[in-house]
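Topology and contacts: notes
Chain by chain, the residues run as shown.
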Amino acid sequence: SRRYTMLPVLPGEPEPQLPWNRTRSMAADSRPGHVYVVGAALGERVKALNMTTRYDYSSIADQGYLNGPEDMRQEEVAMTTLDHILGSYVALGVPASSWTVEVLKLDVEGYEMGVLRGAERLLAEGLVHYLVLEFHPGMLGSTGTDPSGLLNFLRHYCFLCHSLKIDRPYRLPEFVARYTKNEQMLPLQGLGALEDLICQNLAW
């Protein structure tokens, strides 16, 4: 069935920080790629961090529904940023003009805004083609993130996000309301409603 999108870049909205007439060389697009899996505490800056962990779960945000099990513990970990990882390790020895990220998949349990803040150089330079992330207002709220703010942030960097759960175009407030309009969608305790978004960089 046909699926629709959201997050249109409309006249009068915040100016994107990258040129729309940017072009990429065929050499950059045709190079063999690599897959990197980063198992790290990602956020907005490089620092030490105390976080609550469980044997099968960890999150920078202290999620309320994790409280209670006896095996919960505090652990000091090193937080880093995507800009730091990709700039210091992945792209080491590769000319800055010839490397890009085709797909960036985030699974950070509500800390999406912090991780994206730590990737603003990548986003501003238009180096990410597709971004896949979980849209979960309940978890976002536990980190102090406004769901609408997250979507506007993505739009600011020219990302057009697609949903597999909607059957027509939605404006941002209307889309957010689908997940925040009642106690079943956004309960005081528990997970609430969520879905994955696939966001495409329109300036690619």
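Use the structure listed above.
Residues numbered from 1 in each chain as written. Predicted model: local features only at pLDDT ≥ 70, side-chain atom pairs only at ≥ 80, totals over all residues. Heavy atoms only, no water.

**Considering the overall build of the protein chain**
- Per the secondary structure count, the protein chain includes 7 helices and 8 strands.
- Relative to its 204 residues, the protein chain shows a buried fraction of 42%.
- Sequence separation of at least 24 residues holds for 77% of the intrachain contacts in the protein chain that already meet a minimum separation of 6.
- Element-wise, carbon and sulfur atoms account for 53% of the exposed surface of the protein chain, whose accessible area totals about 11,500 Å². (Helix = DSSP H or I, 4+ residues; strand = E, 2+ residues; numbered from the N terminus. Buried < 20%, exposed > 50% of the residue type's maximum accessible area, 1.4 Å probe, protein only. Contact = heavy atoms within 4.5 Å. Areas by Shrake-Rupley, 256 points an atom, 1.4 Å probe, with all protein chains shown as cover.)

**Some points on the sheet that holds strand S8 (residues 195–201)**
- A sheet is described by the order of its strands in space; here 4 strands give the open sequence S5-S6-S8-S7, paired in mixed fashion. Whereas interior strands pair on both sides, the edge strands pair on one side only; in this sheet they are strand S5 (101–105) and strand S7 (159–162). Mean inter-strand twist for the sheet, computed between neighbouring axes without regard to direction, equals 20 degrees.
- Bridge count between strand S6 (residues 128–135) and S8: 6 bridges; the pairing is antiparallel. Looking at S8, one finds that Glu134 is bridged to Asp196. (Pairing = 2+ DSSP bridges. Axes fitted to C-alpha atoms, helices over the stretch in contact; angles between N-to-C directions.)

**Looking at helix H2 (residues 82–90)**
- Among the residues of H2, those classed as buried are Leu82, Asp83, Ile85 and Leu86.
- Buried residues in H2 make contact with strand S1 (41–42), strand S4 (73–80), S5, helix H3 (112–117) and helix H4 (120–124).

**Concerning the state of the cysteines**
- Throughout the structure, instances matching the rule amount to 1 disulfide.
- Note that Cys161 is cross-linked by a disulfide to Cys199, the S-S spacing being 2.0 Å. Judged by the torsion about the S-S bond (100 degrees), the Cys161/Cys199 disulfide is right-handed. Of this pair, Cys161 sits in strand S7 while Cys199 sits in strand S8, placing them 38 residues apart in sequence.
- According to the relative accessible area criterion, Cys199 is buried, its value standing at 0%. (Disulfide = S-S within 2.5 Å.)

**Re the packing of aromatic side chains**
- Tallying each qualifying case throughout the model produces 5 aromatic pairs.
- Judged by centre distance (5.2 Å) and plane angle (65 degrees), the rings of Phe153 and Tyr157 are edge-to-face.
- Here Tyr157 falls in the buried class, since its relative accessible area comes to 2%.
- Summarising the aromatic geometry, the rings of Tyr170 and Phe175 are spaced 6.3 Å apart at their centres and angled 85 degrees between planes, so their arrangement reads as edge-to-face. Just as Tyr170 is buried, Phe175 falls in that class too.
- Members of the aromatic cluster, joined through ring pairs, are Phe135, Tyr170, Phe175 and Tyr179. (Phe/Tyr/Trp six-rings, centres within 6.5 Å; stacked < 30°, edge-to-face > 60°.)

**A look at the packing of helix H6 (residues 147–156) against helix H7 (residues 172–180)**
- The N-to-C vectors of H6 and H7 enclose an angle of 140 degrees; their axes lie 10 Å apart at closest approach. As far as their axial angle goes, H7 and H6 are oblique. The two elements H6 and H7 cross, and the hand of that crossing is right-handed. Where H6 abuts H7, its residues Pro147, Ser148, Leu151, Asn152 and Arg155 lie against Leu172, Phe175 and Val176.
- Considering only residue class, the contact of H6 with H7 consists of 5 nonpolar, 2 polar and 1 charged. (Parallel < 35°, antiparallel > 145°, perpendicular 65-115°, else oblique. Left-handed = near helix turned anticlockwise from the far one by under 90°. Nonpolar A, V, L, I, M, F, W, Y, C, P; charged D, E, K, R; others polar.)

**Observations concerning the pairing of S8**
- Residues Glu195, Leu197, Cys199 and Asn201 point to one face of S8 and are all buried, whereas Asp196, Ile198 and Gln200, pointing to the other face, are not buried.
- Inspection of the sheet shows S7 paired to S8 by 4 bridges, in the antiparallel sense. Pairing of His162 across the sheet is with Ile198, part of S8.

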